[in-house]
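Each chain, letter by letter, is given below.
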Amino acid sequence: MKDFYLEILHVDKSCGARYGILHTSHGNVEVPMFMPVGTLATVKTMSPEELKECGAGVILANTYHLSLRPGEDVVAAAGGLHKFMNYDGPILTDSGGFQVFSLAEKRKITEEGVTFKNHLNGAKLFFSPERAIEIEEKLGADIIMSLDECVHYPATYEYMKNSVERTLRWAKRGKDAHKREDQALFGIVQGGEFADLRKYCAEELTKMDFPGYSIGGTSIGEPKDVMFKMIRDTTPYLPFDKPRYLMGVGSVDAILEGITDGVDMFDCVLPTRIARHGALMTSHGRVNIRDKKYEYDFTPLDDNCDCYCCKNYTKAYLRHLYKCDETFGKRLLSIHNIRFLIHMMEEARKAIKEDRFLQFKEDFLKQFASEKGF
RNA sequence: GGAAGAAUAGCGAAGUGGCCAAACGCAGCUGACUGUAAAUCAGUUCCUUCGGGUUCGGUGGUUCAAAUCCGCCUUCUUCCA
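> Just checking my understanding: could you explain the sheet that holds strand 7 (residues 107-109) for this structure?
The strands that make up a sheet pair up through hydrogen bonds in the backbone, lying either parallel or antiparallel. Strand order in this open sheet of three strands is 7-8-9, and the pairing throughout is antiparallel. One side of each edge strand has no neighbouring strand; the edge strands of this open sheet are strand 7 and strand 9 (124-127). Strand-to-strand twist across the sheet, computed as the mean angle between neighbouring axes with direction ignored, equals 15°. Bridge analysis of strand 7 against strand 8 (residues 114-117) gives three bridges, and the strand direction is antiparallel.

Below, the structure is given as structure tokens:
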């Protein structure tokens with residue numbers, strides 16, 4: 001593993017929040033950071049230029065989905081994901097472990113791996129830990145994930161224990177199969193809500209010595225306090241000097257909670273998905289742009305936001321585009337939500353460096369006035 | 001001047017004696033969305049003190065029962081002069 005490491009530059013004196021720089025083969029990015037999700041090698045409706053303008057560093061893509069379309073060989077022939085999608089920043093691929101959860105009715109798990117009946121035409125698609133790595137090597141992302149089982153919540157202790165053991169075996173198999181030196185392979189901590197399993201999984205993965213660790217099995221329908229406990233039950237058992245990635249978490253309060261406990265990386269479809277559905281994160285809380293009250297509102301979405309959308313367009317116009325189902329509206333709203341979270345991270349990093357993260361978190365949440373959801 | 005046809009909720013459009021407060025689509029409104037089967041999905045749109053009450057151009061009938069059958073009126077469309 002070359003060119004990949006986390007340089008921790010400061011730890012907030014009041015909590016576990018850390019500020020640092022993640023070095024990758026496609027550039028360095030500051031942490032804690034938010035990573036937009038571009039499952040099919042595109043963050044829906046947004047161009048790479050727009051992502052950069054929003055301040056995006058790492059973006060995600062998905063192994064399961066790209067192996068189906070266009071197929072990893074196409075991406076490899078294109079010269080890898082970076083060239084294929086024209087993004088020269090760092091890219092992370094998820095392994096397909098989340099699809100074990102989200103496509104639960106369409107798959108079967110065995111010790112060997114996961115057999116999907118793919119969601120497009122029902123054809124059989126087999127993912128073993130080795131196969132996931134093989135695809136991820138062809139896709140060529142900078143950071144790649146081990147194949148894991150993202151277990152449904154709630155699960156019995158019995159089920160979770162067996163699943164964790166298997167996910168650990170899969171992690172080992174994936175690590176043994178991984179050959180590319182320019183990719184950082186992360187292990188994923190599972191264990192659900194069971195503190196001892198989280199600890200066990202984190203410690204066993206640490207023994208395998210991965211360049212980074214993910215916290216998985218979160219944001220799958222569990223209550224917020226359960227999620228927060230899962231984080232607290234995990235981070236203490238991860239090596240201090242390696243990046244920690246909380247998978248699939250994108251609500252404002254959960255991100256801030258994760259940072260408090262020493263998480264460095266977050267990703268989520270939430271900002272882009274809800275943007276396409278007309279819901280926006282703003283410094284004053286949630287805005288549903290379809291609301292009639294914005295019909296004649298010619299002010300920006302968020303007067304504290306510096307994004308392309310807020311600098312140039314009004315709520316009345318955004319509402320109009322949304323009502324007419326115009327693509328440009330979804331794009332502008334996606335830009336805003338992505339920028340909102342990335343900007344929040346910029347402010348969070350600043351606060352950590354100044355040892356005032358807890359105060360920042362309190363103030364931010366107060367102003368954001370999160371009522372439900374994000 | 002004559003003939004035929006049509007009028008249904010915000011719009012379009014089913015329904016042609018009881019199972020109709022009335023399908024369906026659109027539009028509107030409300031939710032949901034967290035490692036993207038999601039440009040998606042769910043609920044809802046006459047009034048209501050939730051018992052019920054008023055609706056299907058208007059009006060008067062037939063019937064135990066009418067959006068549905070009959071008379072008249074109004075408006076619209078097409079055709080013939």
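> What should I look at first to understand the protein's contact with RNA strand B in this one?
Surveying the vicinity of RNA strand B reveals 46 residues, the closest of which are Cys150, Gly248, Val269, Arg276 and Lys323. At a separation of 2.7 Å, a phosphate oxygen of RNA strand B approaches a polar side-chain atom of Ser102. Lys106 is positioned with one of its side-chain polar atoms (N or O) 2.5 Å from a base nitrogen of RNA strand B. Broken down by element, the residue count for the surface near RNA strand B peaks at five residues, all from helix 11 (residues 270-276). Its residues placed into classes, the surface near RNA strand B shows 13 nonpolar, 16 polar and 17 charged.

> How do you make sense of the packing of helix 7 (residues 157-177) against helix 8 (residues 195-208) when you look at a structure like this?
Packed helices, taken two at a time, are described by the angle their axes make and the gap between the axes. At their nearest, the axes of helix 7 and helix 8 sit 11 Å apart, and the two run at 10° to each other. As the angle between them shows, helix 7 and helix 8 are arranged roughly parallel. Contact with helix 7, carried on its side by Tyr157, Met160, Lys161, Val164, Glu165, Leu168, Ala171, Lys172 and Lys175, involves Asp196, Leu197, Tyr200, Cys201, Glu204, Leu205 and Met208 of helix 8 and no other residues of that element. By residue class, the composition of the contact of helix 7 with helix 8 is ten nonpolar, no polar and six charged.

> Explanation requested: the environment of Gln359 in the structure shown.
Within the secondary structure, Gln359 sits in helix 15 (residues 357-368). Given a relative accessible area of 43%, Gln359 falls into the partly exposed group. Counting along the chain gives 99 residues from Gln359 to Thr260, while the straight-line C-alpha distance between them is 11 Å.

> Can you help me understand the sheet that holds strand 2 (residues 18-24) in this one?
The antiparallel open sheet is built from three strands, whose spatial order is 1-2-3. Looking at which strands have only one partner, the edges of the open sheet turn out to be strand 1 (5-11) and strand 3 (27-31). Averaged over all pairs of adjacent strands, the angle between their axes in this sheet comes to 15°, without regard to strand direction. Sheet analysis places strand 2 next to strand 3, joined by five bridges and oriented antiparallel. The residue bridging His23 from the neighbouring strand is Asn28, located in strand 3.

Rules used in this analysis
- Residues numbered from 1 in each chain as written.
- Chains lettered and ligands numbered in written order.
- Predicted model: local features only at pLDDT ≥ 70, side-chain atom pairs only at ≥ 80, totals over all residues.
- Heavy atoms only, no water.
- Pairing = 2+ DSSP bridges.
- Helix = DSSP H or I, 4+ residues; strand = E, 2+ residues; numbered from the N terminus.
- Axes fitted to C-alpha atoms, helices over the stretch in contact; angles between N-to-C directions.
- Near = heavy atom within 4 Å.
- Polar contact = N/O pair within 3.5 Å; in protein donor to acceptor, adjacent residues only side chain to side chain.
- Nonpolar A, V, L, I, M, F, W, Y, C, P; charged D, E, K, R; others polar.
- Parallel < 35°, antiparallel > 145°, perpendicular 65-115°, else oblique.
- Contact = heavy atoms within 4.5 Å.
- Buried < 20%, exposed > 50% of the residue type's maximum accessible area, 1.4 Å probe, protein only.

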